[in-house]
Amino acid sequence: MKKQSLVLVVIAAIVVIAGIFFITNQNIQKDVSDDQKKIGFIYIGPPGDHGWTYMHDVGRQYLEKELGDSVSTTYIENVPENADAVRSIRKLAESGHDLIFTTSFNYMDQTLEVASEFPDVKFEHATGFKRADNVSTYSARFYEGRTVIGHIAGKMTETNTIGYIVSFPIPEVIRGINAFYLAASKVNPDVKIKIIWVYSWYDPGKEADAANTLINQGADIIVQHTDSYAPCQAAEKAGVLAFGQASNQEAFCPNAHMTAIEDIWGPYYAAKAQAVVDGTWSSEDTWQGFKDGMVEMSPYNEKLLSSDLIAEAKAIEEGIENGTIHSFEGPIYNQAGELVVKEGEVADDGMLASMMFYVQGIDGEVPQ
Amino acid sequence: MSIELIIGILNIVLISTTPLVFAGIGELVTEKSGVLNLGLEGLMLVGAVTGFITLVLTGNYFYSLFLSIISGVILSGIFAFLVLNLMTNQIATGLALTIFGIGLSAMLGKKFAGTPIDGLNPYYFIVISFLLVFSVGYFLSKTKSGLIVRAVGENHNSAYALGYNVIKTRYLTIIFGGVMSSLAGYYISICYAPMWQEGMTAGRGWIALALVVFATWKPWRLLVGAYIFGGVAIMQMNLQAIGVKLPGQFFNMMPYIATLIVLVFISSNKVRLKLSAPSCLNIPYEKNS
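Residues numbered from 1 in each chain as written. Chains lettered and ligands numbered in written order. Predicted model: local features only at pLDDT ≥ 70, side-chain atom pairs only at ≥ 80, totals over all residues.

### Quick notes on the overall build of chain B
Argument step 1. The secondary structure content of chain B amounts to twelve helices and zero strands.
Argument step 2. Ordering the α and β elements of chain B from the N terminus gives α-α-α-α-α-α-α-α-α-α-α-α.
Argument step 3. For a compact globule of 289 residues, the expected C-alpha radius of gyration is about 19 Å, and chain B comes in at 19 Å, within 12% of that figure.
Argument step 4. By its C-alpha atoms, chain B is 60 × 45 × 30 Å across when sized along the principal axes.
Argument step 5. In chain B, which comprises 289 residues, the proportion classed as buried is 48%.
Argument step 6. Summarising the internal contacts of chain B: among those between residues at least 6 apart in sequence, 81% fall at separations of at least 24. (Helix = DSSP H or I, 4+ residues; strand = E, 2+ residues; numbered from the N terminus. Rg over C-alpha atoms; globule rule 2.2 N^0.38 Å. Buried ≥ 20, exposed ≤ 12 C-beta atoms within 10 Å, placed from the backbone. Contact = placed C-beta atoms within 7 Å.)

See the structure below:
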């Protein structure tokens, strides 16, 4: 009896596993006509995360809509940033994809590894800095959005205390904190920011704890550089204000959500796919912001913000777009009081890309 | 520090620690009967997603709580069947349950991710969690059924010889543990951070497992341990926000380091270990052997 049921369980398991493989393979190896270009995407999370991956998927759908029948797209979700990524990227390359977007920083070496095996396939790696003849890199200037929300926060705070929840000490995050603080302290010299590192991109419980801790310590505005909308929800519950992250999160916290910095990948994806269709694709490094529409602000919440403030925010957006305003305008001092950007100058991209220090006025130290 | 600040901190500690208490106390009872269930994380996720989906579809907290509990009964029932009747390896089966739960919850919740819901007040669950720990403590040390559970965990052959039904007892404790994990998951997706996202329990099932060892299988120590783990996490956030420089990664490792220290401590003293750890933990029971 026991042996029989064991055998049954094993057979059932094999059938289920075979079924899963069959379904996933079906998903990936869609038959397409030869003149159609195949575009593949590797996602770090699920498209339903309402944050980072969600916005990449919105970009993918935009690409499909723009280019119509000349392309077909596929994606693989939840690909871990380890050796598994090589397998997933290679799978797309082997199944005849012409262009593959790998949408997380730590796919960098894996992308290059597969790219060296498939010289005819084009690769696009998000937020990285290593390129090859068939590997481009692209990223967005999210910090420009931080300048806008910093201005709003500086004007809106009543306790002069702003809570800032962050993930990992990497240049992108530090740059965001500095851009935010420079803008906030410009309009409100008394403003203080309290920073909590949660050491996770995504842990709704911990993000909510951090938000509640900051609110408890007197913060009346919550800013985040983590991926879930838990902090915004916590702010809503406590009756304080917040900004959304990566996508418009107003639905989850309608009375706290002032605006959000949105990542808009669609036009870039469409342009690169078009280049592949036309045969004009070349390896390059792209870093775009408001000007090219890669970063946008969600609709400003008119219930919370005065029309004057909304106008000011829009003016900053415009200023950054046409180059009259820069997020890092001199004079900028670091915490030790040394001048890092001279008056009349702006921080160059090299400094921005490797920024690992806080500007003067921020309490605490950058964790090592 | 003002009184309000301290009350606020305590409040956050209470809210964030409760899922650990639920999952931990369930696993404690399961382990006391001699079964190691490593599937907590999977059970929590399925409990969380089931409760969330039901709440979105029906808008009824009672139904959602009920179905969440049922999900725990079914999944832990399957686990119990595998390890008790088919005598599969408990560690491998538990890990499989976790992996299965992660995948199943992601699949079920796909369409519902990002649906806004109204969260439930966490204080009911906080009160229940305290009552639960005291009831379990009373049950295990003062009632006949509790002593049977412990007897089964200490030596299943003797318990069988005394006329107790080992398999039935273990079925019940496994299902109790499963239901508690589901409740922990339900609490996370409905009260703590009212939302559903894949993998949102973020490793709390593993911390609960560590907690049981940390508590050396004693309910009141489990409660204290949970609040030490939770309290340290919230305190380091408070210190960070005040501007004290702290190695954050270290605090994330804290629960595991503390558990290792306790393990070293109890295993260096054979008597102490024997007094608290169930002797038959993770040993399969074959009837008529």
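Having seen it, we continue.
### A word on the domain arrangement of chain A
Residues and elements named next belong to chain A.
Argument step 1. Domain annotation of chain A identifies domain 1 (36-140 + 265-288) and domain 2 (142-262 + 328-353).
Argument step 2. For domain 1 versus domain 2, the separation of C-alpha centres amounts to 29 Å.
Argument step 3. Taken residue by residue, the interface counts eight residues in domain 1 and ten residues in domain 2.
Argument step 4. The leading source of residues in the side of domain 1 that touches domain 2 is helix α2 (residues 52-67), at three residues. (Domains from an automatic or database assignment.)

### Focus on the interface of chain B and chain A
Argument step 1. At the interface, 30 residues of chain B touch 36 residues of chain A.
Argument step 2. Looking at the side of chain B that touches chain A, the elements that each hand over two or more residues are α1 (3-32), α8 (166-192), α10 (219-242) and α11 (248-267) of chain B.

### Focus: the sheet that holds strand β2 (residues 71-76) of chain A
Residue and element names in this part refer to chain A.
Argument step 1. If you trace the six strands from one edge of the open sheet to the other, you get β2-β1-β3-β4-β5-β11, paired in parallel fashion. At either end of the open sheet lies a strand with only one pairing partner, and these are β2 and β11 (285-288). Averaged over all pairs of adjacent strands, the angle between strand axes in this sheet comes to 20°, irrespective of strand direction.
Argument step 2. The sheet contact formed by strand β1 (residues 37-42) and strand β3 (residues 99-102) spans four bridges and is parallel. Looking across to β3, one finds that F41 is bridged to F101. (Pairing = 2+ DSSP bridges. Axes fitted to C-alpha atoms, helices over the stretch in contact; angles between N-to-C directions.)

### What about the environment of Q274 of chain A?
Argument step 1. By secondary structure assignment, the location of Q274 of chain A is in helix α9 (residues 266-278).
Argument step 2. Sequence separation of Q274 of chain A and P171 of chain A is 103 residues, and the distance between their C-alpha atoms is 32 Å.

### Side note on the pairing of β1 of chain A
Residue and element names in this part refer to chain A.
Argument step 1. In this structure, β1 lies alongside β2, joined through six bridges in parallel fashion. Residue pairing across strands places I39 opposite T73, the latter belonging to β2.
Argument step 2. What joins β1 to β2 is α2, and the crossover it makes is right-handed. (Right-handed = clockwise from strand over helix to strand, strands pointing away.)

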